[in-house]
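Here is how the chains run, residue by residue.
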Amino acid sequence: MTDSTNNSLEARPLDFIRQIISEDLRSGKHQQIVTRFPPEPNGFLHIGHAKSICLNFGIGLEHGSPCHLRFDDTNPSKEESAYVESIKKDVQWLGFDWGENLFYASDYFDRLYDCAIQLIKMGKAYVCELSADEIRAYRGTLTEPGQESPYRDRTIGENLDLFEQMKNGACAEGSKVLRAKIDMSSPNLNMRDPVLYRILHVAHHRTGDKWSIYPMYDFTHSISDAIEGITHSLCTLEFEDHRPLYNWFLDTLQTDCHPRQIEFARLNLTYTVMSKRKILQLVQGDYVKGWDDPRMLTISGLRRRGYRASAIRKFCADIGIGKKESWIDMSVLENAARDDLNESAPRVMAVLNPLKVIIDNYPPDQIEELEAQNHPQRPELGSRRLPFTRELYIEREDFMEEPAKKFFRLGPDREVRLRYGYFIRCVSVVKDAATGEITEIHCTYDPETRGGSAPDGRKVKGTIHWVSALHAIQCPVRIYDRLFVTANPDADKNIDFKDHLNPQSLTILENCMLEPMLAKAQAGEQFQFERQGYFCTDLIDSKPGAPVFNRTVTLKDSWINT
RNA sequence: UGGGGUGUCGCCAAGCGGUAAGGCACCGGGUUUUGAUCCCGGCAUUCGUAGGUUCGAUUCCUUCCACCCCAGCCA
């Protein structure tokens, strides 16, 4: 099994980035490669980040080369150390290891400052006192060139002096910025004298109040990559326009290392939103219960939902890497979870919506123990014993008083198999006189069919799950569904994406009846509830002896589609 | 109307001048004490468009079309 998994992985063709890397190694351009995952600690990681993590760390694993984890912490007004911790936890949980290579852009603030001084001395940077609005106005438009700032031709000495003042906290926020002197008429707006440093009188979660100026992304990122000896700097498509600027910094400063920036398409998934801004709105507006709400496609939400890291890695491998703006169907993610859990999750019986069954001809005080396999395809996972008694619960959906045409389950005078139990036949139905609701059904069992097969060879169309009423444990099960009802919640700019929220994304079932061994389930343990889906005990809300279950994903169901 | 990108099956995605891999989804059939899994089979004479080069083009050239990104002192 492991072999076939490896083979299929090896058989997978290389994506365009891995092709470039292979060629760089083959040609001798690089002896070793170094990649990096550079998150900004301003939120939790989500499935889109997982794509980048699997790419960067995956390449590292494939080549026995390092992949750095570097926090791009240059905007203290939005960043927190709590996010740093959650990001480290999630990357680790996904199964990746940065080893000694944990870095922060803020560690480079001194060197970045030196680079800025260097640019000023080269006449390639200047202190500009235009306001933010003026800078925008001077930048020009997409079709018209910009105008040069009146401060553009200050002397080097003047610039040095003013930048020093900015650094010392002598200037008000917004009063000055340091800008690169490139080309105000460049068709690429990023080259129109981009801002390098802005004044921010904000304490930084790592450097405290040492700085009152903070470097901007483009400047910081390119130099940080060079400092760390990154060979391939992988980022998403929207940075394509920034590549000339990335290169300009490294060329102008003549750094020893000049990484190659390569852009790939970010992940879009149907029935969800991926932007941090929107995810933050869902959290802060209490549309979900926190960053790790199991409906969220954050790494922590998926973990709580019951996804294993291996499922997320498989998903990332399945979707590939390209430059085309793509929308991956949610079913691909769900399928990755099923595939992964099908192999590993022990099978168990759980009745979500109980209907009492009384077996009239079963001795009232008798308790039998019936053997059930933990995983029919993997006998090495062993078996367990299930108590069988006169009163049971079955799934309400498994009984129809007037069975539909292809309904294989229980109905009046119909016989079905209780999984690992007996064949039972329904003999009568009891209803609530007032509501007409079925309150219990009476059946008879065939003692000859113990274990589930008939000596006379007769067949039965359906096998249903059950649980002994006397022994079942009652506990809540949370049924999660997709968070949005439309495939692309933010397709229409005139409609708030939150209007597409699925009101049924969470249903809490309070009196589910589960087989007794589940009382001992450990937090985070995954199971297959036979014929229902994959479920796990909630990491947060489960108490010892009182588990709370979350539905990770349903089983495929060809009946429901008929 | 400036610049940068992208267009191969419903959704992803291989293909790198020699006659369209694979996954998801879907549809058949088989096995099955989970209507699950598993197993077989089907699923683009066609690669955004129109031309050109070539014995031969999804792959090279040109035209046009469509879509995405860029005017933060965010990343």
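Treat the numbers as computed from the prediction; the structure is a model and nothing was measured. (Residues numbered from 1 in each chain as written. Chains lettered and ligands numbered in written order. Predicted model: local features only at pLDDT ≥ 70, side-chain atom pairs only at ≥ 80, totals over all residues. Heavy atoms only, no water.)

**Let's talk about the pairing of strand β8 (residues 232–236)**
β8 sits mainly inside the fold: 5 of its 5 residues count as buried. Neither face of β8 is exposed, since H232, L234 and T236 on one face and S233 and C235 on the opposite face are all buried. With 5 bridges joining them, β8 and strand β9 (residues 260–264) adopt parallel strand pairing. The partner of C235 across the bridge, within β9, is E263. In this region the chain leaves β8, passes through helix α9 (residues 243–253) and returns to the parallel neighbour β9; the handedness of that crossover is right-handed. (Buried < 20%, exposed > 50% of the residue type's maximum accessible area, 1.4 Å probe, protein only. Helix = DSSP H or I, 4+ residues; strand = E, 2+ residues; numbered from the N terminus. Pairing = 2+ DSSP bridges. Right-handed = clockwise from strand over helix to strand, strands pointing away.)

**Remarks on the domain arrangement of chain A**
It is common to give the size of an interface as the accessible area that goes away when the parts come together. Each assigned domain of chain A is listed here: domain 1 (7–100 + 218–269 + 306–338), domain 2 (109–215) and domain 3 (347–553). Taken together, the 10 residues of domain 1 in the interface contact 8 residues of domain 3. Here domain 1 meets domain 3 over a buried area of about 750 Å², counting both sides, of which 60% is carbon and sulfur. When residues of domain 1 are sorted by the area they lose upon contact with domain 3, G306, W327 and R338 head the list and together hold 53% of the total. (Domains from an automatic or database assignment. Contact = heavy atoms within 4.5 Å. Buried area = accessible area lost by both parts, 1.4 Å probe.)

**Remarks on the packing of helix α5 (residues 109–121) against helix α8 (residues 217–228)**
Where α5 contacts α8, the axes come no closer than 11 Å and their chain directions differ by 110°. One element, α5, and the other, α8, form an angle in the roughly perpendicular class. The element α5 and its partner α8 pack so that their crossing is right-handed. Of the residues in α8, those in contact with R111, L112, C115, A116 and L119 of α5 are F219, T220, I223 and I227. Classifying every residue of the contact of α5 with α8 by side-chain character gives 7 nonpolar, 1 polar and 1 charged. (Axes fitted to C-alpha atoms, helices over the stretch in contact; angles between N-to-C directions. Parallel < 35°, antiparallel > 145°, perpendicular 65-115°, else oblique. Left-handed = near helix turned anticlockwise from the far one by under 90°. Nonpolar A, V, L, I, M, F, W, Y, C, P; charged D, E, K, R; others polar.)

**A few points about helix α7 (residues 156–167)**
With 12 residues, α7 extends 16 Å between its outermost C-alpha atoms, agreeing within 8% with the 16 Å of an ideal straight helix rising 1.5 Å per residue. Listed as buried for α7 are N159, L162, F163 and M166. Here the buried residues of α7 occupy an arc of 100° about the axis, which is enough to place them on one side. Buried residues along α7 sit against α5, β4 (125–128), β5 (177–180), β6 (195–199) and β7 (213–215). (Expected span 1.5 Å × (residues − 1). Arc of directions from axis to C-beta.)

**Quick look at the sheet that holds strand β2 (residues 67–71)**
Pairing is parallel across the open sheet formed by 3 strands, whose spatial order is β1-β2-β3. Each end of this open sheet is capped by a strand with a single partner; those strands are β1 (35–37) and β3 (102–104). Across the sheet, the mean angle from the axis of one strand to that of its neighbour is 35°, orientation sign disregarded. As paired elements, β1 and β2 share 3 bridges and run parallel to each other. The residue of β2 that forms the bridge with F37 is L69. Lying on the sheet, helix α3 (residues 47–63) is in contact with β1 and β2; it crosses β1 at an angle near 155°.

**What about the confidence of the model for chain A?**
Scored by pLDDT, chain A comes out at a mean of 96, with 98% of its residues at no less than 70. Predicted confidence for residues 1–10 stays below pLDDT 50, and this span has 1 contact to residues more than four positions away or in other chains. Overall fold confidence for the complex sits at a pTM of 0.96, while the interface term, ipTM, reaches 0.96. (pLDDT = per-residue confidence, 0-100.)

**Thoughts on the protein's contact with RNA strand B**
Taken together, 65 residues sit near RNA strand B, with F408, R409, R419, G451 and S558 positioned nearest. Counted by atom, the contact set of RNA strand B within 4 Å of the protein is 63% sugar and phosphate. Contact between RNA strand B and R531: a base oxygen at 3.0 Å from a main-chain N or O atom of the residue. When contributions to the surface near RNA strand B are tallied by element, the ones reaching two or more residues are α6 (132–139), β6 and α13 (330–344). In terms of residue class, the surface near RNA strand B is made up of 24 nonpolar, 20 polar and 21 charged. (Near = heavy atom within 4 Å. Polar contact = N/O pair within 3.5 Å; in protein donor to acceptor, adjacent residues only side chain to side chain.)

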